Amino acid sequence: MNPVPRPRPAPGLPGRRGLLGGLLAGAALAAVPALAAPARAGARPAPGPASPAGPRATRPLLLGTYTSEGGGGTGIGTAAYDTGTGAITPGPVITGVENPSYLAPHPSGATVYAVAEQGAGAVTAVAIGPDGTYEVLGSRPTGGSGPTHLSVHPSGRWLLSANYTSGSVAVHPIAEDGSLGERTDLVTHSSPPPGPGQGGPHAHQIVTSPDGGHVLAVDLGTDTVYTYRLDTSAGTLTEASRAALTPGSGPRHLAFHPGGRFAYLACELDNTMVVCAYDPATGALTPGPGQSTGTGSGVSYPAQPVVTGDGAYVYLANRGHNSLTRYAVEGGGAVLRLLDTVPVGGDWPRQLALSPDSSLLFAANQRSSTVTVFGVGPDGSLTGAGTPFPAPVAVCVLPLP
């Protein structure tokens, strides 16, 4: 099924699948090979060859894409990455999953969930067998359109999803086998009014706070982060607080410091990063002033921040600038100090992910249909690891433990 076409974005507001038109057109994209021929929901790829220094561990890597775009993917890509060198080895494609543009794992590691980013939004569960095989367990409608983000509550019992186009957030129960039940709640962001030229609410992310006490939904259209309490018996959301960002700033994604008292919020329309204080008792998020992304004048459409496991460094993907910003974290998480920006080695870095030990950084580059990998040094420095890995319309990369 092809997605229902979205309305043309108002001036200043980028469309969900990219900007400046012709995102997926051109012979260069058509020439990028698929990860592998579409296959049954098969086994993970065998470990790649040993490095010159000796054998190293390999771990699974999943890749999100759009299946409805010309030259796009055919499902969830599977691969393996070398934990020492970052080298990626392609595997088969998990077919039968529509427009899996964002992926999230279950805490147990037994299931992965994908959004179906299309007009009739849905979420899909994929089981990971003990032998490394994958099985699509089925999909459930989100009740909204264009879901672009999802996450699993730490309890493992609830799947949370954000419908970008319709500006709503949804909750689904997760069964013992990882499959999804019927939606238990749907909340539409009807206030405050949309920001300048934004045309409506656009829920872009939904995550649980590190303490597990609150659920936060970032809405790009209303320039607001909504905090909810989740009833873990009924699967319903009750608003607890909301944080107003600068009108027209377009908050997109946040990432929490492991200390749980601060979060770092990327605003894609005014090209800033915002340090937010978080109160676990009330769920209140208090944004500070917007900070530079180090990309110079103009709008570089920052996409997503990630935080190293030790809380020492934050990285930010800048799509228009095709770079990664590096910040040092100071003051127990309260301060970001801009260090530098480095080229991402691809075009339009849509999403970032750190390996479980924060030794590798992966960037999904949508326009160049590649994944680039960086080694993370003790000082937070980034060193490119090998050549870009071809992955059709790479919009999400998920390294698994």
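Figured I'd write up the structure that's included with this text. (Residues numbered from 1 in each chain as written. Predicted model: local features only at pLDDT ≥ 70, side-chain atom pairs only at ≥ 80, totals over all residues. Heavy atoms only, no water.)

Right, let's talk about the overall build of the chain for a bit. When helices and strands are counted, the chain shows one helix and 30 strands. In the chain, which comprises 401 residues, the share counted as buried stands at 56%. Put simply, of all contacts in the chain between residues at least 6 apart along the chain, 52% involve residues at least 24 apart. If you sum the accessible surface of the chain, you get close to 14,500 Å²; carbon and sulfur atoms cover 56% of it. (Helix = DSSP H or I, 4+ residues; strand = E, 2+ residues; numbered from the N terminus. Buried < 20%, exposed > 50% of the residue type's maximum accessible area, 1.4 Å probe, protein only. Contact = heavy atoms within 4.5 Å. Areas by Shrake-Rupley, 256 points an atom, 1.4 Å probe, with all protein chains shown as cover.)

This next bit is on the layout of surface pockets. Space left empty within the atom packing is revealed by a probe, the size of a water molecule, rolled over the atoms. Reported here for the largest pocket is a volume of approximately 1,400 Å³. Lining the largest pocket are 41 residues, and of these Tyr102, Pro105, Ser151, Val207 and Leu398 sit closest to its centre. Where the lining of the largest pocket is concerned, the elements lending two or more residues are strand S5 (103-105), strand S9 (147-152), strand S13 (203-208), strand S17 (251-256), strand S21 (302-307), strand S25 (349-354) and strand S30 (396-399). (1 Å grid on protein atoms, 1.4 Å probe; cavity = no way out; pocket = protein on both sides within 12 Å on 5 of 7 lines; lining within 4 Å. Points joined across faces, edges and corners; volume = space filled by probe spheres on them.)

We now examine the sheet that holds strand S24 (residues 335-343). Pairing in this open sheet of four strands is antiparallel, and the strands run S21-S22-S23-S24 from one edge to the other. Unpaired on one side and paired on the other, S21 and S24 mark the two borders of the sheet. Strand-to-strand twist of the sheet, defined as the mean angle between neighbouring strand axes without regard to direction, takes the value 25°. The sheet contact formed by strand S22 (residues 313-318) and strand S23 (residues 323-330) spans six bridges and is antiparallel. Bridging across to S23, Ala317 finds its partner in Leu324. (Pairing = 2+ DSSP bridges. Axes fitted to C-alpha atoms, helices over the stretch in contact; angles between N-to-C directions.)

Quick look at the side chain of Ser249 now. Within the secondary structure, Ser249 is located in the loop between strand S16 (236-244) and S17. At a separation of 2.7 Å, a polar atom in the side chain of Ser249 contacts the main-chain carbonyl oxygen of Thr246. When residues no more than four places from it in sequence are discounted, the contact partners of Ser249 are Asp223, Cys267, Glu268, Leu269 and Asp270. (Polar contact = N/O pair within 3.5 Å; in protein donor to acceptor, adjacent residues only side chain to side chain.)

A separate point is the environment of Tyr81. By the element assignment, Tyr81 lies in strand S3 (residues 76-82). Residue Tyr81 is classed as buried on the basis of its relative accessible area, which comes to 2%. Through-space distance from the C-alpha of Tyr81 to that of Leu400 is 9.6 Å; in sequence the pair is 319 residues apart.

Further remarks concern unusual backbone geometry. Of note, the amide linkage connecting Ser191 to Pro192 takes the cis form, showing an omega dihedral of 0°. Tracing the chain through its elements places Pro192 in the loop between strand S12 (185-188) and S13. Despite not being glycine, Val393 has its phi angle at roughly 45°, a positive value.

Bringing empty space enclosed by the protein into the picture now. Taken as a whole and assessed by the stated rule, the structure comprises two cavities of 30 Å³ or more. Size it by volume and the largest cavity reaches roughly 90 Å³. Residue lining of the largest cavity: 12 residues in total, with Tyr102, Arg252, His253, Arg350 and Gln351 positioned closest to the centre. Of all elements in the fold, only S17, S21 and S25 reach the threshold of two or more residues within the lining of the largest cavity. Split into classes, the residues belonging to the lining of the largest cavity amount to three nonpolar, six polar and three charged. (Nonpolar A, V, L, I, M, F, W, Y, C, P; charged D, E, K, R; others polar.)

It is worth spelling out the pattern of salt bridges at this point. The full count for this structure, using the stated rule, is seven salt bridges. The residue Arg242 makes a salt bridge to Glu239 at a minimum N-O spacing of 2.7 Å. Residue class for Arg242 comes out partly exposed when judged on its relative accessible area of 38%. By sharing partners, the salt bridges in this structure join Arg252, Glu268 and Arg319 into a single network. (Salt bridge = Lys/Arg side-chain N within 4 Å of Asp/Glu carboxyl O.)

Among the structural elements, Glu117 can be located in the loop between strand S6 (111-116) and strand S7 (122-128). At 2.9 Å, the side chain of Glu117 forms a polar contact with the side chain of Tyr66.

Before going further, it helps to spend a moment on the nonpolar core. With 24 residues, the main nonpolar core has Leu62, Ile76, Leu103, Tyr113, Leu150 and Leu159 as its most contacted residues. Mapped by element, the contributors of at least two residues to this core are S5, S6, S7, S9 and S30. With residues up to four places along the chain from it excluded, the contact list for Ile76 reads Leu62, Leu63, Pro92, Val93, Ile94, Val97, Pro100, Leu103, Ala114 and Val126. By size, the runner-up hydrophobic cluster in this structure holds 16 residues, among which are Tyr81, Ala353, Ala391 and Val397. (Core = buried A, V, L, I, M, F, W, Y, C linked by side-chain atoms within 4.5 Å.)

This part takes up the pairing of S23. The side chains of a regular strand alternate, residue by residue, between the two faces of the sheet. Extensive coverage of S23 is indicated by the burial of seven of its eight residues. Following S22, the chain reverses through four residues before pairing antiparallel with S23; Asn322 in that reversal takes a positive phi of roughly 50°. In the sheet, S23 pairs with S24 via eight bridges, with the strands oriented antiparallel. When the sheet's bridge partners are listed, Leu324 is paired in S24 with Val342. Counting the residues that bridge the hairpin from S23 to S24 gives four residues, and of these Gly331 lies at a positive phi of roughly 60°.

We now examine the sheet that holds S9. Taken together, four strands build an open sheet; the order of strands is S9-S10-S11-S12 and the sheet is antiparallel. Among the strands making up the open sheet, the edge pair consists of S9 and S12. Recorded for the sheet is a direction-independent mean angle of 15° between the axes of neighbouring strands. Two elements, S9 and strand S10 (residues 158-163), share five bridges in a ladder whose sense is antiparallel. When the sheet's bridge partners are listed, Ser151 is paired in S10 with Leu160.

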